[in-house]
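Here is what each chain is made of, one letter per residue.
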Amino acid sequence: MSKPHILQMGPYPAWDVGALDARFTMHRYFEASDKEAFIRQHANEIRGIATRGELGAKRDLIAALPNLEIISVYGVGYDAVDLDAARERGIRVTNTPDVLTKDVADLAVTMMLAQARGIVAGDAWVRTGNWAEKGPLSLQRRAFGQKVGILGMGRIGMEVARRLVGFDMEIAYTNRSPRNDAPNFTFIDNALALAEWSDVLFVTLTGGAATRHIVNESVIHALGPNGLLVNVSRASNIDELALLDALETGRLGAAALDVFEGEPRLDPRFRRLSNVLLQPHHGSATEATRRAMGALMLDNLSAHFDGRPLPTHVL
Ligand code: 8YV
């Protein structure tokens with residue numbers, strides 16, 4: 001029996017490559033030097049796309065594949081997939097929720113603690129010999145007991161909140177509506193009021209047009225010179241130029257960021273700042289979670305071509 005043909009947008013770990021190759025005929029788009037010619041050559045045979053959160057599938061690509069049936073995202077975020085284009089053609093879209101939630105929450109909390117307590121600066125202070133030559137590291141910021149705002153109380157926001165309870169932090173959140181399973185956390189209905197209230201603001205929203213630049217200049221200034229902004233969601237949720245201005249002028253105290261516009265090539269202004277912690281978009285990047293994400297993506301693709309219900313579909 002011939003294997004369904006799948007367009008693979010980006011690389012996966014070896015264990016996923018083996019499993020995908022066993023079940024499908026994979027066409028590695030990211031390895032093609034002439035992408036347009038590659039698509040023209042394979043357009044008619046491709047029935048599925050295997051992509052990654054940051055790569056998605058744009059309208060032009062979807063339009064170029066007349067027999068496309070399913071787009072399977074390796075990641076929870078599907079903001080880079082043109083859902084309207086998929087919906088118009090009845091193309092199914094799947095993602096990998098739940099399996100990565102706790103890892104992303106772990107990284108978010110780690111970044112908050114690391115930035116507050118100067119962990120990266122402290123390591124450098126010891127390594128460079130400054131400790132012996134210049135004395136103690138400058139005093140850092142307290143983490144426990146602070147007021148924390150969570151912008152977007154979905155699965156990841158909720159796991160961040162659960163962890164912060166252990167640090168005696170007061171927690172408030174925005175969400176489409178108050179959560180009835182979060183009675184100890186305060187619901188605030190807009191980002192500006194949440195930032196005004198918070199010492200630390202976590203951005204754990206889904207990305208996309210509806211939330212683009214929800215953290216704008218006013219929200220950043222409301223968080224203020226003593227505030228710490230942590231983003232493990234999508235760069236598009238923050239007005240990055242306003243963020244850079246605020247970090248450079250001290251209108252915002254500090255930031256800890258796992259996502260950037262144009263990543264992995266980020267604005268060079270970030271590298272010159274000492275009040276920002278920079279991470280390489282690796283919230284879900286533990287081996288155990290990446291194995292679970294790969295297995296779920298494969299399961300979604302297999303379910304579609306076997307005629308089974310899709311385990312985790314968006315469309
Ligand atoms: C991944 C992510 O880095 O799940 C998401 O939405 O952004 C991350 O887990 C990405 O999807 C892997 O390519």
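The rules behind each value
Residues numbered from 1 in each chain as written. Predicted model: local features only at pLDDT ≥ 70, side-chain atom pairs only at ≥ 80, totals over all residues. Heavy atoms only, no water. Near = heavy atom within 4 Å. Polar contact = N/O pair within 3.5 Å; in protein donor to acceptor, adjacent residues only side chain to side chain. Areas by Shrake-Rupley, 256 points an atom, 1.4 Å probe, with all protein chains shown as cover. Nonpolar A, V, L, I, M, F, W, Y, C, P; charged D, E, K, R; others polar. Helix = DSSP H or I, 4+ residues; strand = E, 2+ residues; numbered from the N terminus. Axes fitted to C-alpha atoms, helices over the stretch in contact; angles between N-to-C directions. Parallel < 35°, antiparallel > 145°, perpendicular 65-115°, else oblique. Left-handed = near helix turned anticlockwise from the far one by under 90°. Contact = heavy atoms within 4.5 Å. Buried < 20%, exposed > 50% of the residue type's maximum accessible area, 1.4 Å probe, protein only. Domains from an automatic or database assignment. Buried area = accessible area lost by both parts, 1.4 Å probe. Salt bridge = Lys/Arg side-chain N within 4 Å of Asp/Glu carboxyl O.

## Digging into the site of the ligand
Phase 1: If you check the shell around the ligand, you find 13 residues, and the closest are E54, V76, G77, R234 and S284.
Phase 2: For the ligand, an oxygen atom lies 3.0 Å from a polar atom in the backbone of G53.
Phase 3: For the ligand, an oxygen atom lies 2.7 Å from a polar atom in the side chain of S284.
Phase 4: Here the ligand, which alone exposes 330 Å², has 94% of that area covered by the protein.
Phase 5: Split by residue class, the shell around the ligand holds 4 nonpolar, 5 polar and 4 charged.

## Some details on unusual backbone geometry
Phase 1: For the bond from E263 to P264, the omega torsion is 5°, close enough to zero to count as cis.
Phase 2: With respect to the secondary-structure elements, P264 resides in the loop between strand 11 (254–257) and strand 12 (276–278).
Phase 3: Its identity as a non-glycine residue notwithstanding, D168 has a phi of 55°, on the positive side.
Phase 4: At H281, a position not held by glycine, the phi torsion is positive, near 40°.
Phase 5: Residue position: H281 is located in the loop between strand 12 and helix 12 (287–306).

## Some thoughts on the packing of helix 5 (residues 101–117) against helix 8 (residues 155–165)
When two helices pack together, their arrangement is captured by the angle between the axes and the distance separating the axes.
Phase 1: Closest axis-to-axis distance for the helix 5/helix 8 pair is 8 Å, and the angle between their directions is 50°. Taken as axis vectors, helix 5 and helix 8 run oblique relative to one another. In this structure, helix 5 meets helix 8 at a crossing whose hand is right-handed. The residues of helix 8 that touch helix 5, namely those facing T101, K102, V104, A105, D106, A108, V109 and M112, are R155, I156, E159, V160, R162, R163 and L164.
Phase 2: Classifying every residue of the contact of helix 5 with helix 8 gives 8 nonpolar, 1 polar and 6 charged.

## Concerning the environment of G149
Phase 1: Examined against the element boundaries, G149 turns out to sit in strand 6 (residues 147–151).
Phase 2: Residue class for G149 comes out buried when judged on its relative accessible area of 0%.
Phase 3: Considering only alpha carbons, one finds G149 and L139, 10 residues apart in sequence, at a separation of 24 Å.
Phase 4: Those residues in contact with G149 that sit more than four places away from it in its chain are A172, L194, W197, S198, V200, L201 and F202.

## A few points about the domain arrangement of the protein
Phase 1: Domain annotation of the protein identifies domain 1 (5–99 + 288–306) and domain 2 (101–278).
Phase 2: Once you take the C-alpha centre of each, domain 1 and domain 2 turn out to be 32 Å apart.
Phase 3: Per-residue buried area on domain 1 facing domain 2 is highest for D79, D98 and T289; these three make up 62% of the total on that side.
Phase 4: A salt bridge links R234 to D79, with the nearest nitrogen and oxygen atoms 3.0 Å apart.

## A closer look at the packing of helix 1 (residues 14–23) against helix 12
Phase 1: Between helix 1 and helix 12, whose axes approach to 10 Å, the crossing angle comes to 10°. Classified by the angle between their axes, helix 1 and helix 12 sit roughly parallel to one another. Seen from helix 1, the contacting residues are W15, D16, A19, L20 and R23; seen from helix 12, they are E287, R290, R291, G294, A295, M297, L298, L301, S302, F305 and D306.
Phase 2: Here the contact of helix 1 with helix 12 is composed, by residue class, of 8 nonpolar, 2 polar and 6 charged.

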